[in-house]
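As a plain string of letters, each chain reads:
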Amino acid sequence: MKRFAFATVSTLAVVAGSSVLAEPQAEVLHWWTSGGEAKSVAVLQEEFASNGGTWTDMPVAGGGGDAAMTALRARVLAGNAPTAVQLKGPAIQEWYEEGVLADISSVAEAEGWADVLPASIAGHMQCEGTWCAAPVNVHRVDWIWANADVLAANGIEMPTTWDEFNAAADKLQAAGVIPLAHGGQAWQDATVFETVVLGIGGPEFFQKALVDLDPEALTSDTMVQVFDQMRTLRGYVDENFSGRDWNLATAMVMNGEAAFQIMGDWAKGEFLAAGKKPGEDFLCASTPGDGYLYNVDSFAMFDVDGDDKKAGQDLLAKLIVAPNFQKVFNLNKGSIPARTDVGLEDFDICANLSAEDMGSTSAAGSLLPSYAHGMALRGSQSGAITDVVTAHFNSDMSSADAVQQLADAVANSY
Amino acid sequence: MSEWLENHLPKVVLAPSFIAVLIFVYGFIGWTAWVSLTRSKLLPKYEIKGFIQYERLFDSPRWDTAINNLYIFGALFIVIAMVLGLLLAILLDQKIRVEGAIRTIYLYPMALSMIVTGTAWKWILNPGLGIESMVQGWGFTNFEFDWLVNPDYAIYTIVIAAIWQSSGFVMALFLAGLRSVDGEIIKAAQVDGIPTWRIYTAIIIPSMAPIFLSAFIVLAHLAIKSFDLVIALTGGGPGYATDLPATYMYAMAFSRGDIGQAASSAMIMMLVVFAIVVPYLYSELRAKND
């Protein structure tokens, strides 16, 4: 009897729901498992639930997403893809080419995504003209962080060119301070490398060399200069840097052991967590040169069967890009919202600077994808470049050899 | 019926594992070989495109480094672990006191996983935390021991950690071998007044040839499939100076979405194993047939 009553009520409810027949379901694969990140995901989870959806969490930690990608591959091959997956950059297009992504254009058009997202970021979310992913945040990669007291004590300003940086670093080294805190892991070497490419070559050169992979740009004299600067930077790093995690390098800046660190804005989270104040205890500025390198996290929507899952997908996409989530999530994570119409009053000065620069560089066409963080190139190409960059940085390879190897590695990566 | 069962029982019992091995070992070897001939990227594709992945593999400086590291690591690891293991076994075999306790101590590293070994040695060898800073703290400020962060020497730190982990196990193998040598022969030799070192080099060690072979096979396959130690100790760095074929394969398959390339490197690894195991099997089988 009870069951009958329940069935009747739910039937009525379904009928009353008319347009959306099924309860939204979403299974979400992500690797935001560390403290601040998990908190950020919980925000989305709550919003999804309060809109009547059922969220199935599928966190896969480990390997900077490698483990999650392995899980994803297994699920897709088994014909049972998750509803939404944390994916970014060209990886979205790669999965699209495998024919497994869904089309969420109806949501994107209804919500007017094209008007609120910067054009180059919106480009990553589209697969041959249809929308297939929803952006969550924008991390800026080309940041240089500094210990305010150390700079003041040595009479140094934030450098605006690489020559200024080198001069400052020499001065710091003479004073017994480690000029550059760095962790010798391949991706960190790559992060520094791309900021040097942007600084020395400029946005157009960056586009040609690290996005279009133009062989002429890769073997140009400018690229030789970039590797020369990398060699100079190698001299500013303490000798114990191999294998160090980035957050330990951040700690070196925090406690005054080192002066600068070049790292994306997730480093800010470390400073803030230690109770340091931006502008007072630590300084943030873009690395020398023009331009803006972004690293955009996003959720790609996979093709799923069943109205409840499709409804869940649409709801999820809508919530992710909605102003409220964009704001709350990014306050937690230290990045800035991907949409440009979110008020930034609650964000700190570094985030405001980031948002301001995103607007101006987007207009100037120098808003560029980060190669080191998988936004500009596919895995095998970016990996091939990183191999050369890290081999050069960690050996006595000459810049001319490095440039030649770079061109060979890129040609060999297809 | 019962007669049929009696005749075929061994086959029936063995069939499931036989089928499982056929599929999960040889079937997947075949699958990997097939994929290594395609241009598979993120997901496997089955359209054969020739030997392009092998050409790419042999053009890659990183693969060169990985293979060279395998030679260096494999040769040093196997030779030193065997010599050290044999030495320890001979010393332990001198009817010393508390042999059991000492044997356990030497064997103990084997109880740790490679990840633990790698992490512990990472701290011991780290110039800022470990041996270098300790000796410098004693006043020898010129002392340098930076192998872990020096790309030319980092591979040797992996050799050190691997030997520390495995030589106790090799010792146990050799100790068993030493104990199995016929005591009468040794006594006869001692009666004849032959010096102890001659007894070892002319009688005991030659009679342990099968143990050497087993130790070699065990160590060789440990060396070729080494992965966790590298990941824990150096993460393949500095740069990719300590990459081994297994870590290369992992990077290609799981980080870079280049399955074809990963498959070709896996095939080469398998050929290296074959190059070692096939002569061994051949000699074993021939010995049995004789």
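Caption draft 1: Looking closely at unusual backbone geometry. Of note, Glu-128 of chain A is a non-glycine position whose phi angle comes to about 50°, a positive value. You can see Glu-128 of chain A is positioned in the loop between strand 4 (126–127) and strand 5 (130–131). The backbone phi angle of Val-98 of chain B is positive, close to 40°, even though this residue is not glycine. Examined against the element boundaries, Val-98 of chain B turns out to sit in the loop between helix 3 (61–92) and helix 4 (99–107). Looking at Val-98 of chain B, the number of C-beta atoms within 10 Å reads 9, which means it is exposed.

Caption draft 2: Summary view of the sheet that holds strand 10 (residues 258–262) of chain A. Residue and element names in this part refer to chain A. Across the sheet, four strands lie side by side as 9-10-8-11; this open sheet has mixed pairing. Looking along the sheet, the strands with just one partner apiece sit at the ends: strand 9 (178–181) and strand 11 (282–286). Recorded for the sheet is a direction-independent mean angle of 20° between the axes of neighbouring strands.

Caption draft 3: Geometry of the environment of Ala-364 of chain A. With respect to the helices and strands, Ala-364 of chain A occurs in helix 17 (residues 349–364). Sequence-wise, Ala-364 of chain A and Gly-291 of chain A are 73 residues apart; in three dimensions their C-alpha atoms are separated by 8.8 Å.

Caption draft 4: Region of interest: the interface of chain A and chain B. Taken together, the contact pairs 25 residues of chain A with 27 residues of chain B. Contributions of two or more residues to the side of chain A that touches chain B are made by helix 3 (66–77), helix 4 (90–97) and helix 18 (379–393) of chain A. Examining the composition of the side of chain A that touches chain B, we find that seven residues originate from one element, helix 18 of chain A, more than from any other. Of the residues assigned to the side of chain A that touches chain B, the class counts are five nonpolar, 14 polar and six charged.

Caption draft 5: Quick look at the domain arrangement of chain A. Residues and elements named next belong to chain A. Once the domains are mapped, chain A shows domain 1 (20–139 + 295–352) and domain 2 (141–292 + 356–411). Between domain 1 and domain 2, the C-alpha centre-to-centre distance is 28 Å. Each partner contributes to the interface: domain 1 provides 20 residues, whereas domain 2 provides 21 residues. Contributions of two or more residues to the side of domain 1 that touches domain 2 are made by helix 4, helix 7 (119–124) and helix 17.

Caption draft 6: The arrangement of the sheet that holds strand 3 (residues 84–87) of chain A in detail. Residues and elements named next belong to chain A. The strand order across the open sheet formed by five strands is 2-1-3-13-6, and the pairing between neighbours is mixed. Of all strands in the sheet, those bounded by a partner on one side alone are strand 2 (54–59) and strand 6 (133–135). Neighbour to neighbour, the strand axes of the sheet diverge by 25° on average, direction disregarded. Pairing of strand 1 (residues 25–30) with strand 3 involves two bridges; the strand directions are parallel. Directly across from Val-28, in strand 3, lies its bridge partner Ala-84.

Caption draft 7: Spotlight on the packing of helix 3 of chain B against helix 10 (residues 209–224) of chain B. Residues and elements named next belong to chain B. In the contact formed by helix 3 and helix 10, the axes pass within 9 Å of each other and the chain directions differ by 145°. Between helix 3 and helix 10 lies a crossing of right-handed hand. On helix 10, the residues that touch Leu-70, Phe-73, Gly-74, Phe-77, Ile-78, Ala-81, Met-82 and Gly-85 of helix 3 are Ala-215, Phe-216, Leu-219, Ala-220, Ala-223 and Ile-224. Of the residues assigned to the contact of helix 3 with helix 10, the class counts are twelve nonpolar, two polar and no charged.

The rules behind these values
- Position numbers for residues start from 1 in each chain and track the written sequence from start to end.
- Just so you know, chain letters begin at A and ligand numbers begin at 1, following the order they were written in.
- The model is predicted, so local features are restricted to residues of pLDDT at least 70 and side-chain atom pairs to those at 80 or more, both for listing and for counting; the totals for chains, interfaces and linings are taken over all residues.
- Helix and strand assignments come from DSSP, with helices taken as H or I runs of at least 4 residues and strands as E runs of at least 2, each series counted from the N terminus.
- Exposure classification rests on a simple neighbour count of other C-beta atoms within 10 Å of a residue's own: a residue reaching 20 or more is buried, one at 12 or fewer is exposed, and one in between is partly exposed. C-beta atoms are placed from the backbone.
- When DSSP locates at least two bridges between a pair of strands, those strands are taken to pair.
- All axes here are fitted lines through C-alpha atoms, helices being fitted over the stretch that makes contact, and every angle between N-to-C directions spans 0 to 180 degrees.
- Working definition of a contact: two residues with C-beta atoms, positioned from the backbone, lying within 7 Å.
- Under this grouping Gly is polar, as are all residues other than the nonpolar Ala, Val, Leu, Ile, Met, Phe, Trp, Tyr, Cys and Pro and the charged Asp, Glu, Lys and Arg.
- All domain edges in this entry derive from an automatic or database-based domain assignment.
- Throughout, a crossing is termed right-handed when the near helix is turned clockwise from the far one, and left-handed when it is turned anticlockwise from it by less than a right angle.

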